[in-house]
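Here's the letter readout for the chains.
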Amino acid sequence: MPLSPSDTAPRIALVGATGAVGTTLIQLIEERGFRYREIHLVASSRSAGRELTVEGRTCRVEALDTFDFSAVDLAFFSAGSSVSRKWVPSAVAQGALVIDNTNAFRMDPATPLVVPQVNADELDRRPSSGIIANPNCSTIPLVRLLRPVEDRWGIRQVVVSTYQAASGRGHSGITELHEASRSALEDPSAQGPAVEFTPTLAFNVVPFIDELLDTGFTLEEQKMLQESRKILGLPHLDVTTTCVRVPVVNGHSEAAWIECDDVVARDELVRLLAAQPEVTVHDKDTIGAFPTPRTAGAPDHVHVGRIRVAPHNPRGFWVWVVADNLRIGAALNALQIAEALTERGTL
Ligand code: A2P
């Protein structure tokens, strides 16, 4: 029974509990039997008093601006960067350890940036900042594949194009994709809503996510470089990315070209990737096998297909990667951090 009377199970708060990541986190807590002593669902004052069900029990949503973080041991924040910047410091000051799903503290040297399958050792001690950062949704599946490749062949360069789903913009992104698609079907000349995605995402692809930087890259693209370096402990790793929003409801894809220091044997590469925890390689019947966001299966796995070592340059290979961004790219990674913390007794 995940609601645990044990004094050692943490009291937890889910900030952003009504959002796309927050509701996924509730589902995962139920599915994985995460043990807690108390659970508090927190959102904006607009949602205060709303009732949500957690494991058959009704929980009332509490407003963030009056929430007392001294009542919890662990707080998950999934309510956007500006909310985290404003409220995480006071949650920490009140004694909570924070797992933050936003960009707010990821590059802070006192805050570990953790993908448990890659650098769980960062969770052996409580960070001095009181915060553990959850990486970007496209970075998480990528580094889970880069780690074993770096260890075996050494990585010279990684070139990635992402194909990112609407759910990366939360419930409002999903709603806007549905509405804009419906309106474009009814009247192809109509613009439809384009607030979360500009221009419209309906029957379109948009090579622009987050804000534009002076370098001409977007912040999303910069995050994939900086975060990969930090998580893998490779400060000079060369990762260059084009991040693209596509009209998919949920599930990010990536096409990655990985060039190594040594020649890569395809059979060994397939075996190596398939041996990684919670990774499914789609390569059984044909080397052309591939996952897609709608057909990959096993939503808690990173899916890999189209594994191609280049005949003209056998140091390099392509992979096609699909991962559920709400789970692997956000809520599941956060919960796996919490599971690792409780296993280690770090809380
Ligand atoms: P609310 O539902 O009350 O607006 P999504 O990523 O799906 O858009 O969800 C965002 C989550 O962050 C929701 O739970 C939302 O709560 C919460 N949120 C947004 N702004 C604030 C805020 N200023 N204070 C607290 N929670 C917020």
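Located above this text is the structure these notes cover.
Cut-offs used in this document
For every chain, the first residue of the written sequence is number 1, and numbering continues from 1 onward in sequence order. Only residues with pLDDT of 70 or above have their local features reported here, since the model is predicted, and side-chain atom pairs are shown and tallied only from 80 upward, although totals for entire chains, interfaces and linings are computed over all residues. To get the side-chain values, all heavy atoms of the structure are used, and hydrogens and water are removed first. We call a residue near a molecule or strand when any one of its heavy atoms sits within 4 Å of it. Two N or O atoms count as a polar contact when they lie within 3.5 Å, although within protein this holds only if one can serve as hydrogen donor and the other as acceptor, and sequence-adjacent residues are included solely when both atoms are side-chain atoms. Accessible surface is estimated by sampling points in the Shrake-Rupley manner with a 1.4 Å probe; for residues, cover comes only from the protein chains shown. Think of a 1 Å grid over just the protein atoms. A cavity is a set of points where a 1.4 Å probe fits yet cannot get out, a pocket is an open set with protein on both sides within 12 Å along at least five of seven lines, and lining residues have an atom within 4 Å of a point. The way we define it, a molecule is inside a pocket or cavity when more than half of its atoms are within 2 Å of that pocket's grid points. In this classification, Asp, Glu, Lys and Arg are treated as charged, Ala, Val, Leu, Ile, Met, Phe, Trp, Tyr, Cys and Pro as nonpolar, and every other residue, Gly included, as polar. Grid points are joined across faces, edges and corners, and a volume is the space filled by probe spheres set on the points. Domain boundaries shown here were taken from an automatic or database domain assignment. A pair is scored as a salt bridge if a Lys or Arg side-chain nitrogen falls within 4 Å of a carboxyl oxygen belonging to Asp or Glu. What counts as a helix is a DSSP run of H or I of at least four residues, what counts as a strand is a run of E of at least two, and both are numbered from the N terminus. Each residue is placed in one exposure class: buried if its accessible area under a 1.4 Å probe, protein chains only, is under 20% of its type's maximum, exposed if it is over 50%, and partly exposed if it falls in between. By definition, residues are in contact when any of their heavy atoms lie within 4.5 Å. Following DSSP output, two strands are said to pair if at least two bridges run between them. Working convention: axes come from line fits to C-alpha atoms, limited for helices to the stretch in contact. Angles between N-to-C directions cover 0 to 180 degrees.

(A) Fine view of the site of the ligand. Inspection of the region around the ligand gives 15 residues, with Thr18, Ala20, Ser44, Arg46 and Ser47 positioned closest. Within the side chain of Ser47, an N or O atom sits 2.4 Å from an oxygen atom of the ligand. Here an oxygen atom of the ligand and a backbone polar atom of His171 are 2.9 Å apart. For the ligand, whose accessible area on its own is 570 Å², the fraction buried by protein is 72%. Its atoms largely coinciding with the cavity grid, the ligand occupies the largest pocket. Of the residues assigned to the shell around the ligand, the class counts are six nonpolar, eight polar and one charged.

(B) Looking closely at the layout of surface pockets. Reported here for the largest pocket is a volume of approximately 1400 Å³. For the lining of the largest pocket, a count of residues per class yields 17 nonpolar, 22 polar and eleven charged. Residue assignment places the lining of the largest pocket across two domains, with domain 1 (11-135 + 330-344) and domain 2 (139-165 + 205-324) each supplying three or more.

(C) Seen up close, the pattern of salt bridges. One pass over the structure, following the stated rule, counts 16 salt bridges. Asp151 is the salt-bridge partner of Arg147, the closest N and O atoms lying 3.1 Å from each other. Of this pair, Arg147 and Asp151 are both found in helix H4 (residues 139-153), four residues apart, which corresponds to roughly one turn of the helix.

(D) Up close: the environment of Gln157. Tracing the backbone through its elements, the reader meets Gln157 in strand E9 (residues 155-164). The exposure class of Gln157 is partly exposed, given its relative accessible area of 25%. Sequence-wise, Gln157 and Asp238 are 81 residues apart; in three dimensions their C-alpha atoms are separated by 4.9 Å. In contact with Gln157, other than residues within four places in its own chain, are Asp238, Thr240, Trp257, Ile258 and Glu259. Separated by 3.1 Å, the side chains of Gln157 and Asp238 make a polar contact.

(E) Geometry of unusual backbone geometry. Cis geometry is found at the peptide bond from Thr198 to Pro199, where omega equals -5°. Locating Pro199 in the fold gives a position in the loop between helix H5 (170-186) and helix H6 (219-232). Unlike most non-glycine residues, Glu55 shows phi in positive territory, near 50°. Following the sequence through the fold, Glu55 ends up in the loop between strand E3 (51-54) and strand E4 (57-60). We note that Ala298 has phi near 20°; this positive angle belongs to a residue other than glycine. Here Ala298 is to be found in the loop between strand E12 (279-281) and strand E13 (302-310). The class for Ala298 is partly exposed, based on a relative accessible area of 39%.

(F) Spatial organisation of the sheet that holds strand E8 (residues 131-133). Taken in spatial order, the six strands line up as E5-E2-E1-E6-E7-E8 in an open sheet, and their pairing is parallel. Each edge of the open sheet is held by one strand with a lone partner, namely strand E5 (62-63) and E8. Sheet analysis places strand E1 (residues 11-15) next to strand E2 (residues 38-43), joined by five bridges and oriented parallel. Bridged to Arg11 within E2 is Glu38. Most of the contacts of helix H2 (residues 81-93) go to strand E7 (residues 97-100), to which it runs at about 155°, and overall it touches strand E6 (74-77), E7 and E8.

Take it as geometry only, folks, not as evidence of what the structure does.
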